[in-house]
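Analysis of the macromolecular model
Next come the chains, spelled out residue by residue.
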Amino acid sequence: LPLLTFFADIMGLVGGAAIAQVLLHISPLQSIDRLRQAVDTSDAFVGLVKAPIFAFLIAAIGCMHGMRVSGSAESVGRETTRAVVKSIFVVIVLGAVFSILFEKLGL
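Rules and cut-offs
- Residues numbered from 1 in each chain as written.
- Predicted model: local features only at pLDDT ≥ 70, side-chain atom pairs only at ≥ 80, totals over all residues.
- Heavy atoms only, no water.
- Helix = DSSP H or I, 4+ residues; strand = E, 2+ residues; numbered from the N terminus.
- Expected span 1.5 Å × (residues − 1).
- Buried < 20%, exposed > 50% of the residue type's maximum accessible area, 1.4 Å probe, protein only.
- Contact = heavy atoms within 4.5 Å.
- Phe/Tyr/Trp six-rings, centres within 6.5 Å; stacked < 30°, edge-to-face > 60°.

Over its 33 residues, helix 4 (residues 73-105) extends 47 Å from the first C-alpha to the last, a length consistent with the 48 Å expected when each residue adds 1.5 Å. Looking only at helix 4, the buried set comprises Ser75, Glu79, Ala83, Ser87, Leu94, Gly95, Phe98 and Phe102. In the core, the buried residues of helix 4 are packed alongside helix 3 (41-67). Phi turns positive one or two residues past the end of helix 4, at Gly106, with a value near 80°.

Now the structure itself:
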């Protein structure tokens, strides 16, 4: 998940620069310059710190529900649904907690 987060961040920046060039006629060099002005290194740090924690929790929830599967396909579907719902809930709640924590820390 941390590698996926880094890749998604880079692709988002490249895609934003491409759209800015096509629609707004902003050169890639101007985009990079504005990026340096607008984004602080703490922004990237915050995202990359949260990613491994989210990855661990999603994997733990998935494994926990995987171990609860009993002999039928219905059980696989039920536990998969429970794992997904629980993972989404945990990521949303933990994301809110991180937002409050990082705000208090000034990051």
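By the definition in use, this model includes two aromatic pairs. Ring plane angle 70° and centroid distance 5.9 Å describe the contact between Phe54 and Phe98, whose orientation is recorded as edge-to-face. Residue Phe54 is located in helix 3, and its partner Phe98 is located in helix 4; the two are separated by 44 residues in the primary sequence. Like Phe54, the residue Phe98 is buried in the burial classification. Between Phe98 and Phe102, the aromatic rings sit 5.5 Å apart at their centres with planes inclined by 10°, giving stacked as the arrangement. Placement of the pair is Phe98 and Phe102 together in helix 4, with a separation of four residues, close to one helical turn. The structure contains a cluster of three or more aromatic residues connected by ring pairs, namely Phe54, Phe98 and Phe102.

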